[in-house]
Amino acid sequence: MHLSTSYEVLTGTLSNIASVVEDSLSSEEMRNVIFAVSENQMKMIGVNQLITYRKRIELGDFRVVFSEEDKLHEDGMFYFQLNSKELTSFLNTFKGMRKTKPSDVIFETKNGGIKIELTVVEDSLSDAGVKNTSQWTFDNSPINRSVFAELSRQLPAEDSGWSPVPTKHILGYVANMLPIMTSEGNSTLYNILTFGDDFVVAFNQRFNTLMQNILPDQFKGISLNYRAVSFMKSVICNSDMVEVNKTDMQLVFKTEDSEAFVKFLTRLPAYKMFLESYKEDHGIVIDRQYFKDVLKRLALVNENITLVIDGSKNEISVSNTKFRQKIDILQTKAMEELGEVHLKVRPQVFQQAIVGDDNQFSGELCIYFVKSENGGYTTIFTDLSKSWMSIAVLR
């Protein structure tokens, strides 16, 4: 086999594949980039425990010639796999060179296919006629049977209920909820994103955040692991539009040149109780952007913030041992019934609980207080749209 493509095509596709295969929970033998090639088709594929991602290379962007010794699979494709980290590290050495720049890359089978030699062609930056070549030899390890099953997985039929979705709608959830989740562990309460019929919910040890779910039915009744959410943010949402379907076990995405299968959980954590705690009997409205600017100063010291909310004076006092400031209250609702509200909390709780990009969300931050029988307050952060809320119990 003699397969050639451009350095830019290879590295541009490799970054997305690497985000799948270089997974901390994957075994070393799974951390490979798989190439599937025929005379008129080329795919680069990544597989881990949760995700199978296949990216097609345009027909005009590669050239391949097979020899009689090359053994094609029964599906007509020639498969080989290379260690992702080794491949990425080698290719990265050609970035930012001062005398040459990489142009073409060539893969060739050696030693009966047990080795793959990669040649990188370097064009001189000072003399257009001068070219250099560099070679690196990889082991072409056999692809195990369970991975092969993922390589041949079929997309649902065209008439099986695909939904077109602008990826900006998906990004609105995954980008805003991902910072709330923890990346540690495997499908625990704090590293899954739950898509209920009404809300998308992220759980945090200090608070919980809910956003109204306006996505199609494929995104309802499932939970996704942190790694799946991160993949959706960094890879799926690179396209403007995506087609989405759902099987018994996987969300399925397709674009013009890619396909992805993402495993989900059907067991949903109980979150309705948090909705029941939502009340607007007592609250204030403050300037969101200004409050977050003040939080930056408070976060310079790793200690609790003391907040004193005095509805009668229309101001909040925030302080720690190093800093203090007053913030104007724009509106109040029945705060005189609570008197002065005193709370202590880490500044990071506020920074994370106030979700989203300040330029995309309302400039008015609503904070409601529900007095608890055992002391403290259920504190609710939202805005006038009520499209999201974060709920924390503070004392």
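Further up the page is the structure itself.
Below you will find a few notes about this structure. (Residues numbered from 1 in each chain as written. Predicted model: local features only at pLDDT ≥ 70, side-chain atom pairs only at ≥ 80, totals over all residues. Heavy atoms only, no water.)

So, the packing of helix α4 (residues 167-177) against helix α5 (residues 226-234)
- Direction vectors running N to C along α4 and α5 enclose 130°, while the axes themselves pass 9 Å from each other. With respect to their mutual orientation, α4 and α5 come out oblique. Of the two elements, α4 crosses α5, and the hand of that crossing is left-handed. Together, Ile 170, Leu 171, Val 174 and Ala 175 of α4 and Val 229, Met 232 and Lys 233 of α5 make up the contact between the two elements. (Axes fitted to C-alpha atoms, helices over the stretch in contact; angles between N-to-C directions. Helix = DSSP H or I, 4+ residues; strand = E, 2+ residues; numbered from the N terminus. Parallel < 35°, antiparallel > 145°, perpendicular 65-115°, else oblique. Left-handed = near helix turned anticlockwise from the far one by under 90°. Contact = heavy atoms within 4.5 Å.)

A word on the packing of helix α1 (residues 7-21) against helix α2 (residues 84-92)
- Where α1 contacts α2, the two axes come as close as 10 Å, and the packing angle between them is 145°. As α1 packs across α2, the resulting crossing turns out to be left-handed. Two secondary-structure elements touch here, α1 through Tyr 7, Leu 10, Thr 11, Leu 14, Ala 18 and Val 21 and α2 through Ser 84, Leu 87, Thr 88, Leu 91 and Asn 92.
- Partitioned by chemical class, the residues of the contact of α1 with α2 number seven nonpolar, four polar and no charged. (Nonpolar A, V, L, I, M, F, W, Y, C, P; charged D, E, K, R; others polar.)

Points about the sheet that holds strand β21 (residues 324-328)
- As summarised here, the arrangement of the four strands in space is β21-β20-β19-β23, forming an open sheet in which the pairing is antiparallel. In this open sheet, the two edge strands, each paired with only one partner strand, are β21 and β23 (341-345). Neighbour to neighbour, the strand axes of the sheet diverge by 20° on average, direction disregarded.
- The pairing of strand β19 (residues 305-310) with strand β20 (residues 315-319) spans five bridges and is antiparallel. Within β20, the residue paired with Val 308 across the bridge is Ser 317.
- Helix-sheet contacts for helix α7 (residues 288-298) involve β19, β20 and β21, and the interaxial angle to β21 is about 170°. (Pairing = 2+ DSSP bridges.)

Here we look at the pairing of strand β5 (residues 62-65)
- Of the two faces of β5, the one lined by Phe 62 and Val 64 is fully buried and the one lined by Arg 63 and Val 65 carries no buried residue.
- Strand direction decides the pairing type here: strand β1 (residues 2-6) and β5, joined by four bridges, are antiparallel. If you follow Thr 5 over to β5, its bridge partner there is Phe 62. (Buried < 20%, exposed > 50% of the residue type's maximum accessible area, 1.4 Å probe, protein only.)

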